[in-house]
Amino acid sequence: DAGVTQTPRHEVAEKGQTIILKCEPVSGHNDLFWYRQTKIQGLELLSYFRSKSLMEDGGAFKDRFKAEMLNSSFSTLKIQPTEPKDSAVYLCASRPGTGENTLYFGAGTRLSVL
Amino acid sequence: AQSVTQPDARVTVSEGASLQLRCKYSSSVTPYLFWYVQYPRQGLQLLLKYYSGDPVVQGVNGFEAEFSKSNSSFHLRKASVHWSDSAVYFCAVSSNAGAKLTFGGGTRLTVRP
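Residues numbered from 1 in each chain as written. Chains lettered and ligands numbered in written order. Predicted model: local features only at pLDDT ≥ 70, side-chain atom pairs only at ≥ 80, totals over all residues. Heavy atoms only, no water.

1. Some details on the sheet that holds strand β3 (residues 19–24) of chain A
Residues and elements named next belong to chain A. Read from one edge of the open sheet, four strands run β1-β3-β8-β7, paired in antiparallel fashion. Two strands bound the open sheet, and with one partner strand each, they are β1 (5–7) and β7 (65–71). When strand polarity is set aside, the average angle formed by the axes of neighbouring strands in this sheet is 20 degrees. For β3 and strand β8 (residues 74–79), the ladder comprises five bridges, and the chain directions are antiparallel. (Pairing = 2+ DSSP bridges. Helix = DSSP H or I, 4+ residues; strand = E, 2+ residues; numbered from the N terminus. Axes fitted to C-alpha atoms, helices over the stretch in contact; angles between N-to-C directions.)

2. Thoughts on the environment of Ser-87 of chain A
All names here are of chain A. Following the sequence through the fold, Ser-87 ends up in the loop between β8 and β9 (88–95). Residues Ser-87 and Gln-6 lie 81 residues apart in sequence; the distance between their C-alpha atoms is 17 Å. When residues no more than four places from it in sequence are discounted, the contact partners of Ser-87 are Thr-38, Leu-111, Ser-112 and Val-113. One polar contact links the side chain of Ser-87 to the main-chain carbonyl oxygen of Pro-84, over a distance of 3.0 Å. Within the structure, the side chain of Ser-87 is placed 2.9 Å from the backbone nitrogen of Val-113, a separation counted as a polar contact. (Contact = heavy atoms within 4.5 Å. Polar contact = N/O pair within 3.5 Å; in protein donor to acceptor, adjacent residues only side chain to side chain.)

Dropping the structure here:
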């Protein structure tokens, strides 16, 4: 079984650019999460989808961050415009969503904003 | 609301020594508890989880954790660590099977050869 796939693994952006990160969840999983990971803040929830419906959008991240589930097997996270403080690792995770709440994580995308 | 505290940001032990990583949680209901491990340049992987029953749960690679309702804790233990256990360990809590997980800040474990 394929796990959670995230692309690209690394992204370098100039301040003000728009970047799109991609995630393919485990096949058949209904729940999908986007997290931001930094040394200072740890893991912060950006978005949570259940069966493609947005359940939570991470409050403080509404402004420039937009996650979408285009279909049940593909999600994107758009950051527009990027700022240097957005430099972090972005993790995507999925789970079955049928009473089993173990999360399966992708390897992450490391974003550097110059 | 729920929260997780991992009081030790960094722990260093010698290979072969025993290990305990601490986790304290706050939850208004009996929580679902998890330990995840993150190796360099990888995502998080599940070590073990607790829902109910025996408060001592076994995980992968010789790890175990003990749930204590009276202490609101879910500490991770290993009898004898190996250099390959060097990683960042995260404790997480959720209020029910369908809820989001809240993660602690993580503990970076370094195992000295």
